[in-house]
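The residues making up each chain are set out below.
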Amino acid sequence: MVIDACHEERADQRPRLPVRRAFTLGVAGLLTAAGVLTLSGTASAASTLGGAAAAKGRYFGAAVAANHLGEGQYAATLDTEFNAVTPENEMKWESVESSRNSFNFGAADQIVSHAQGKSMKIRGHTLVWHSQLPGWVGGLGATDLRSAMNNHITKVMQHYQGKIYAWDVVNEAFQDGGSGARRSSPFQDKLGDGFIEEAFRTARAADPNAKLCYNDYNTDGQNAKSNAVYAMVKDFKARGVPIDCVGFQSHFNSQSPVPGDYQQNLQRFADLGVDVQITELDIEGSGSAQADSYRRVTQACLAVSRCTGITVWGIPDKYSWRASGTPLLFDDNYGKKPAYDAVLAALGGSGGGGDGGGGGGRSCTVSYAETQRWGDRFNGQVTVRAGSSAISGWTVTVTLRSAQTVSATWNGSPSWDSSGKVMTMKPNGNGNLGAGASTSFGFTVMANGDWSAPTIGSCTAS
């Protein structure tokens with residue numbers, strides 16, 4: 001749980017110049033080898049993380065930042081791959097109630113609205129936490145603090161009543177180390193051990209239908225901290241305190257790897273009669289080692305019937321709070337990493353591309369080539385090819401490097417995100433393609449010193 005971290009268009013001006021050289025795309029990213037690589041997208045649900053998880057009766061979500069939703073590839077990857085969201089910071093106390101009883105839900109509402117528009121589950125994060133807490137809270141006496149805590153829980157939950165699948169009601173209330181003691185915080189220091197129970201009872205009254213979770217880190221295996229949380233949950237269940245789920249943040253790296261008893265630990269909590277959720281998953285590393293760790297986590301969740309879903313803490317590595325550790329499933333250019341393939345395979349998804357596992361869904365692939373270069377610009381061409389079924393439309397994103405701009409496009413209808421760097425291209429009279437048929441669109445890139453090929457996203461067919 002950490003802080004995460006206009007374009008001029010001139011269409012139909014196609015320079016008629018000879019082909020000169022080609023560059024290669026990597027999987028949703030660029031490589032420097034020669035040749036042309038095909039990227040694909042299919043309508044098969046089992047070819048995405050969210051679709052494959054749903055087939056297993058679970059969700060697969062991502063932590064989302066409102067200020068990235070305007071980025072075309074970010075939103076497209078979110079919408080295509082995930083079926084649940086958690087706001088990274090937008091629902092935390094300092095974000096929604098920076099001054100007492102004055103609430104601002106604007107950024108959080110943006111995420112909730114986007115998620116609802118895509119029929120995604122929404123996890124509310126988080127109501128009571130010692131961090132990202134406005135200064136005025138810590139300055140209150142016990143009576144005022146109790147009132148403020150209960151008011152905050154009630155007002156926030158009622159604002160989103162009926163929209164939130166599960167809330168992290170209390171976050172990170174236990175110390176690290178071998179003591180199993182509670183963490184010092186304004187709530188613990190002034191209200192005592194009972195503040196967690198009170199928060200959960202207040203939350204149940206505010207929204208009786210939302211699932212109420214306790215969420216923490218370094219509780220992934222059996223240790224003093226997870227034992228203390230386990231004892232609390234067991235006590236709550238015995239006394240009828242309303243708790244429905246326990247969240248395991250699961251931030252891993254080489255110094256803190258996936259514990260050998262990860263699945264067994266999830267299971268012992270589930271055996272208390274609560275759901276378990278992997279709420280903030282990221283695993284530093286790369287290649288096969290990272291992929292294997294992600295696979296093990298996914299398999300552990302699938303093996304525990306009450307593990308209802310997995311949320312990764314971010315989408316591309318570049319926006320991770322641990323970006324230098326490249327801990328997520330997509331690289332900086334939204335390329336699918338080996339870890340992505342491992343998770344999809346563990347979920348039983350088909351992955352891969354082409355026409356997907358079934359062969360009957362609408363699909364399309366794209367390939368890219370640079371067709372001409374001058375002293376200050378180059379032309380790029382994207383070929384769109386239908387899969388084994390006819391399609392009536394296609395959508396492809398083109399992401400420029402930071403210095404580049406597009407001066408002309410042809411054979412497509414472009415739109416741009418707010419940064420002016422992500423172009424979403426749709427057909428301009430060339431959307432209907434028979435099975436296996438192809439069309440193309442092109443553009444002129446003003447290099448401005450950067451001759452790297454733009455990133456071409458996968459093709460979405462309709």
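Help me out: how do you make sense of helix H4 (residues 106–117) in this one?
Each turn of an α-helix holds 3.6 residues, which means side chains three or four residues apart point in the same direction. Here H4 spans 16 Å end to end across twelve residues, near enough to the 16 Å set by a 1.5 Å rise per residue. Within H4, burial applies to Ala108, Ile111, Val112 and Ala115. Seen along its axis, H4 keeps its buried residues to an arc of 95°; they face one direction. In this structure, the buried side of H4 is in contact with strand S4 (59–64), strand S5 (84–87) and strand S6 (121–129). The first or second residue beyond H4 is serine 119, which carries a positive phi of 55°.

How should the pattern of salt bridges be read in this particular structure?
When the charged atoms of two side chains lie near each other, side chains of opposite charge can form a pair. Within this structure, the stated rule accounts for 21 salt bridges. A salt bridge links glutamate 71 to lysine 318; the nearest nitrogen and oxygen atoms lie 3.8 Å apart. A residue pair is termed long-range when its members are at least 10 positions apart, and glutamate 71 in the loop between S4 and helix H2 (72–81) and lysine 318 in the loop between strand S12 (307–312) and helix H12 (338–346) qualify at 247 residues. With a relative accessible area of 14%, glutamate 71 lands in the buried category. Across the pair arginine 322 and aspartate 282 runs a salt bridge, and its minimum N-O distance is 2.7 Å. You can see arginine 322 sitting in the loop between S12 and H12 and its partner aspartate 282 sitting in strand S11 (residues 275–283), a full 40 residues away along the chain. The two residues arginine 322 and aspartate 282 agree in class, both being buried. One network of salt bridges, with partners in common, ties together Glu197, Arg201, Asp235 and Arg239.

Is there a simple way to think about the state of the cysteines in this case?
One way to say it: the disulfide is the covalent bond shared by the sulfur atoms of two cysteines. Evaluation of the coordinates by the stated rule reveals three disulfides. One disulfide in the model links cysteine 213 with cysteine 245; its S-S distance is 1.9 Å. Between cysteine 213 and cysteine 245, the S-S dihedral sits near -80°, and the bridge is therefore left-handed. Of this pair, cysteine 213 sits in strand S8 (residues 211–216) while cysteine 245 sits in strand S9 (residues 245–248), and the two are 32 residues apart along the sequence. Taken individually, cysteine 213 and cysteine 245 each receive the classification buried, so the pair is uniform in this respect. Each sulfur in the disulfide pair cysteine 364 and cysteine 459 lies 2.0 Å from the other. Where cysteine 364 bonds to cysteine 459 through sulfur, the torsion about that S-S bond is close to -100°, and the disulfide is left-handed. Note that cysteine 364 is positioned in strand S13 (residues 363–373) and cysteine 459 in the loop between strand S20 (455–456) and strand S21 (460–461), a separation of 95 residues in sequence. For the pair formed by cysteine 364 and cysteine 459, the shared burial category is buried. Once the disulfide-bonded cysteines of the protein chain are ranked by sequence position, their pairing pattern turns out to be 1-2, 3-4, 5-6.

How should I be thinking about the environment of serine 388 in this particular structure?
Looking at the secondary structure, you find serine 388 in the loop between strand S14 (377–386) and strand S15 (394–399). Judged by relative accessible area, serine 388 falls into the partly exposed class, the value being 37%. Sequence separation of serine 388 and alanine 437 is 49 residues, and the distance between their C-alpha atoms is 9.4 Å.

I tried to follow the pairing of strand S18 (residues 422–426) on my own but got confused; where do I start?
A regular strand places its side chains so that they alternate between the two faces of the sheet. Of all five residues that make up S18, four are buried, and the element is covered over most of its length. Strand direction decides the pairing type here: S15 and S18, joined by four bridges, are antiparallel. Paired with valine 396 across the strands is methionine 425, a residue of S18. Summarising the sheet, strand S17 (residues 413–416) and S18 pair through four bridges and their orientation is antiparallel. Residue pairing for S18: tryptophan 416 is matched across the bridge by methionine 423. The hairpin formed by S17 and S18 contains five residues between the paired strands, and glycine 420 there has a positive phi angle of roughly 75°.

Rules used in this analysis
- Residues numbered from 1 in each chain as written.
- Predicted model: local features only at pLDDT ≥ 70, side-chain atom pairs only at ≥ 80, totals over all residues.
- Heavy atoms only, no water.
- Helix = DSSP H or I, 4+ residues; strand = E, 2+ residues; numbered from the N terminus.
- Expected span 1.5 Å × (residues − 1).
- Buried < 20%, exposed > 50% of the residue type's maximum accessible area, 1.4 Å probe, protein only.
- Arc of directions from axis to C-beta.
- Contact = heavy atoms within 4.5 Å.
- Salt bridge = Lys/Arg side-chain N within 4 Å of Asp/Glu carboxyl O.
- Disulfide = S-S within 2.5 Å.
- Pairing = 2+ DSSP bridges.

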